[in-house]
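A structural walkthrough
What follows is the residue order along each chain.
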Amino acid sequence: MADTIRVLASCMVLSGLDRRTLELIAPAAVMGQLPEGATLFRAGEPRRSFFVLLKGRIEVRVQSGEAAGTLLVLGPGEGVGEAGLLEEGVHSASARAMSDVEYLELPGGAVRERLAGDARAAMAVFARVSAVMVRRLQYAASRRAGWDLVYRPGTTRREHDLLGEREVPADALYGVQTLRALENFPITGVNLAHFPHLVRSLAMVKQAAARANLRLRLLKDDVAAGIDRACQEIIDGHWHGHFVVDVIQGGAGTSTNMNANEVIANRTLELLGRERGDYGHCHPNNHVNLSQSTNDVYPTAVRVAAVMKQRELAAALEGLQRALSARADEMSEVLKMGRTQLQDAVPMTLGQELEAFAVTTREDIQRLGEATRLLMEVNVGGTAIGTGINADPRYPAMAVEELRRITGLELVLAENLVEATPDTGAFVTFSAVLKRIAVKLSKLCNDLRLLSSGPRCGLGEISLPPQQPGSSIMPGKVNPVIPEVVNQIAFQVIGNDLTITMAAEAGQLQLNVMEPVITYNLFESLDILAAGVRTLTDRCIVGLTANAERCRELVERSIGVVTAVVPVLGYERASEVAREALTTGRSVRQILLEAGDLDESQLDRLLSPEGMTRPRPVE
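None of these values were measured; they are calculated from a predicted model.

Here we look at the sheet that holds strand β10 (residues 101–107)
Strand order across the open sheet formed by four strands is β1-β10-β4-β7, with antiparallel pairing between neighbours. Each having just a single partner strand, β1 (30–34) and β7 (79–80) make up the two edges of the open sheet. One ladder, built from two bridges, connects strand β4 (residues 49–55) with β7; its direction is antiparallel. Bridging from a neighbouring strand, Val-52 pairs with Gly-79 of β7.

A short note on the pattern of salt bridges
Using the criterion set out here, one finds 43 salt bridges in the structure. In this structure, the salt-bridge partner of Lys-440 is Asp-364, at a minimum N-O distance of 3.2 Å. With a gap of 76 residues between them, Lys-440 in helix α15 (residues 425–451) and Asp-364 in helix α12 (residues 350–374) connect regions that are remote in the sequence. Take Lys-440: its relative accessible area is 21%, and that puts it in the partly exposed class.

So, the nonpolar core
Buried together is how nonpolar side chains tend to be arranged in soluble globular proteins. Core analysis: the largest hydrophobic core is formed by 119 residues, its most contacted members being Ile-227, Leu-313, Leu-368, Leu-434, Leu-441, Leu-529 and Leu-536. In terms of residue count, the dominant contributor to this core is helix α11 (residues 294–330) (17 residues). Setting aside chain neighbours within four positions, we find Leu-313 in contact with Leu-368, Leu-434, Ile-437, Leu-526, Leu-529, Ala-530 and Val-533. Core analysis: the next-biggest nonpolar cluster, separate from the first, contains 24 residues, Leu-8, Cys-11, Leu-22 and Val-132 among them.

Structural notes on the packing of aromatic side chains
Per the stated rule, a full pass over the model turns up three aromatic pairs. For the ring pair Phe-51 and Tyr-103, a centre distance of 5.4 Å and an interplane angle of 80 degrees mean the geometry is edge-to-face. Here Phe-51 is found in strand β4, whereas its partner Tyr-103 is found in strand β10, with 52 residues between them in sequence. Taken individually, Phe-51 and Tyr-103 each receive the classification buried, so the pair is uniform in this respect. Taken together, the aromatic side chains of Phe-41, Phe-51 and Tyr-103 make up a single cluster linked through ring pairs.

Some points on helix α20 (residues 571–584)
The terminal C-alpha atoms of α20, which comprises 14 residues, lie 20 Å apart, in line with the 20 Å expected from a rise of 1.5 Å per residue. Those residues of α20 not exposed but buried are Ala-574, Val-577, Ala-578 and Ala-581. Mapping the buried residues of α20 onto a view down its axis gives an arc of 100 degrees, with all of them on the same face. Exposed residues pointing more than 90 degrees away from the buried face of α20 are listed as Glu-572, Arg-579 and Thr-583. Buried residues in α20 make contact with α19 (566–569) and α21 (588–595). Where α20 terminates, the next one or two residues include Gly-585, which has phi positive at roughly 80 degrees.

A look at the state of the cysteines
Per the stated rule, a full pass over the model turns up zero disulfides. Summary of cysteine pairing: Cys-282 is not part of a disulfide, and the nearest cysteine sulfur, belonging to Cys-231, is at 9.5 Å. Of the residues examined, Cys-282 reaches a relative accessible area of 0% and is grouped as buried. Take Cys-540: it sits in no disulfide, and the sulfur closest to it among the cysteines is that of Cys-445, at 7.0 Å.

Notes on the packing of α11 against α12
Direction vectors running N to C along α11 and α12 enclose 165 degrees, while the axes themselves pass 8 Å from each other. As summarised for this structure, α11 and α12 are arranged roughly antiparallel, according to the angle between their axes. Where α11 crosses over α12, the two elements pack in a sense that is left-handed. Of the residues in the contact of α11 with α12, the class split is 13 nonpolar, six polar and five charged.

Structural notes on the side chain of Ser-255
Inspection of the secondary structure assignment puts Ser-255 in helix α9 (residues 254–271). Ignoring sequence-local partners within four residues, the contact set of Ser-255 consists of Ala-181, Phe-185, Val-245 and Gln-249.

Description of the pairing of strand β5 (residues 58–62)
On a regular strand, one side chain projects to one face of the sheet and the next to the other, so that they alternate. Across the five residues of β5, four count as buried, placing the element largely inside the fold. Bridging between β5 and strand β6 (residues 69–74) involves five bridges; their strand directions are antiparallel. Across the sheet, Arg-61 pairs through a bridge with Thr-70, a residue of β6.

Regarding the sheet that holds strand β9 (residues 94–97)
Pairing between the strands of a sheet comes from backbone hydrogen bonds, and it takes one of two forms, parallel or antiparallel. Pairing in this open sheet of four strands is antiparallel, and the strands run β2-β9-β5-β6 from one edge to the other. Each having just a single partner strand, β2 (39–41) and β6 make up the two edges of the open sheet. The mean angle between the axes of side-by-side strands here comes to 30 degrees, regardless of whether they run parallel or antiparallel.

Let's talk about the environment of Thr-519
Here Thr-519 lies in helix α17 (residues 515–541). Assessed through its relative accessible area of 1%, Thr-519 is described here as buried. Separated by 214 residues in the primary sequence, Thr-519 and Ala-305 have C-alpha atoms spaced 9.9 Å apart.

Remarks on the side chain of Gln-310
Relative to the helices and strands, Gln-310 is located in helix α11. For Gln-310, a relative accessible area of 10% translates into the label buried. Apart from the residues lying within four places of it in its own chain, the contact partners of Gln-310 are Leu-368, Thr-372, Phe-430 and Leu-526.

Some remarks on unusual backbone geometry
With an omega of 10 degrees, the peptide bond running from Gly-454 to Pro-455 counts as cis. Topologically, Pro-455 is positioned in the loop between α15 and β17 (462–463). Positioned with a positive phi, Trp-239 is a non-glycine residue whose angle comes to about 70 degrees. When its relative accessible area of 24% is taken as the criterion, Trp-239 is described as partly exposed. Positive phi values are uncommon outside glycine, yet Asn-390 reaches one of about 70 degrees. Mapped onto the secondary structure, Asn-390 falls in the loop between β15 (377–378) and α13 (395–407). Asn-390 sits in the exposed class, given a relative accessible area of 71%.

Here's the deal with the environment of Gln-341
Checked against the element boundaries, Gln-341 lands in the loop between β13 (335–340) and β14 (343–349). Sequence separation of Gln-341 and Pro-284 is 57 residues, and the distance between their C-alpha atoms is 62 Å. Among the polar contacts listed, one links the side chain of Gln-341 to the side chain of Thr-340, at a separation of 3.5 Å.

Reading the values: the criteria
Residues numbered from 1 in each chain as written. Predicted model: local features only at pLDDT ≥ 70, side-chain atom pairs only at ≥ 80, totals over all residues. Heavy atoms only, no water. Pairing = 2+ DSSP bridges. Helix = DSSP H or I, 4+ residues; strand = E, 2+ residues; numbered from the N terminus. Salt bridge = Lys/Arg side-chain N within 4 Å of Asp/Glu carboxyl O. Buried < 20%, exposed > 50% of the residue type's maximum accessible area, 1.4 Å probe, protein only. Core = buried A, V, L, I, M, F, W, Y, C linked by side-chain atoms within 4.5 Å. Contact = heavy atoms within 4.5 Å. Phe/Tyr/Trp six-rings, centres within 6.5 Å; stacked < 30°, edge-to-face > 60°. Expected span 1.5 Å × (residues − 1). Arc of directions from axis to C-beta. Disulfide = S-S within 2.5 Å. Axes fitted to C-alpha atoms, helices over the stretch in contact; angles between N-to-C directions. Parallel < 35°, antiparallel > 145°, perpendicular 65-115°, else oblique. Left-handed = near helix turned anticlockwise from the far one by under 90°. Nonpolar A, V, L, I, M, F, W, Y, C, P; charged D, E, K, R; others polar. Polar contact = N/O pair within 3.5 Å; in protein donor to acceptor, adjacent residues only side chain to side chain.

Written out as structure tokens, the structure is:
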């Protein structure tokens, strides 16, 4: 019982409750174990309990939306599922054991039953849980300018920089320089936390720097260990809500770098048993930013984040390619008319058409991999302009070595750091590949909309799965909304590429100050492309069906089949037959047979639609 109370009291969600209240709810707790790889709960399942982790690590994941992937990693002493103490609902995320796990489970129903006779204790527990949930929501909003944090009433702490003193919210991990950035750059309403890979990558760069500085004996052991742990917590998904500055900002990313420095410094202070803002023991610039500059930290973090983020797009494209190939196999015998310039051409199969889309998608995956390799070169240790001022000569190699260990990526130090510091060529190339993917996806969606047009008065060769009513005035209308939204995503990505191109061109002398807008557009393109591809695959391609009879009807009515007799009758005679078929409405076969140009066996052989879908000996 005493151990259970101690565990509950040390958990953030229940900390601050008096012993009497903890003694009241502790008997409801039950011990549990989970082997590595097992699931604690899944998204959509009933949420009935609060779990406190005793041993091991739990990965919390979401499956869709802008934060798809790992949300955070929890370790001993941390809790998850606190809303289950208030009421039953459903989980919005899934939790999986990353190692063998031991936990303490507080079933919500049992806790509420024990609190039913004690209004004071019930109020204390529910108020504490609610406060934690509000705080998490407050810092989890991915799209806000941050003014609510700047001006909301509450306790503050006083911080200063070269421009003077300011009041910073006491519960904020960021500091005065981040506060100024919030005031200066209310631009997009999209803050750093909107791009979790970028936040994690900033922490990885800072962690690598701290480890390198420790090896060089430039940081004290306890400060280096605190910075290392604070960075790991951010990598695991904690404290992202404190990365509040707008992604687009002046200063070449200095506000982003200082936001990271201040959050890491203040969290390190807490780990050292100090107060937030007590920078004499861990300073954002003197310790967290040691041997660094925004001008090597920021582009390195963006490159690492882009490499990791593109994996989601590559996985989405692989899923699309597999879905297209599967549909192609199923429709390999469906004859249809091929078209050029929207005019009848020659027969093909629907399988051939879909497999062509699969092949072009596979090529895009290959090009994405090639462009990603260009991002592996980093300018760590170049500091301000690539000369390495304020960094030990041994630091660049050490920092890259540590960053390789942390990220698992084959990162390399740029050959010339002065050249690498202002260079944004890799971003231009990478964005160009994203544009290529967008252009080809848009072409695919154009074709899907044409082929499914109708259903009675268009081509109508395929049917797309209906997703929603298509009109507020026309009953029964169903629109191709999924290809339409992917078209729009493609247009946005193409526009983003132009912005990235212009921003790269705008660099001057030893630095490109436009990297923040490059970063914003690059990550928006990665986000919306991956989401668009997944949506296209799951809500369109997988459910696509062929209208085989309609396809064959159009083939049999087509004049384009006359192309097959050109090797036998010549182009001139074939043109005459085509013109006669067009003006009289009679079929090509009927005209040729009546004119005696070819007998029935020759026509059966030459005008076989199946035969026209592949090479054959020329007669």
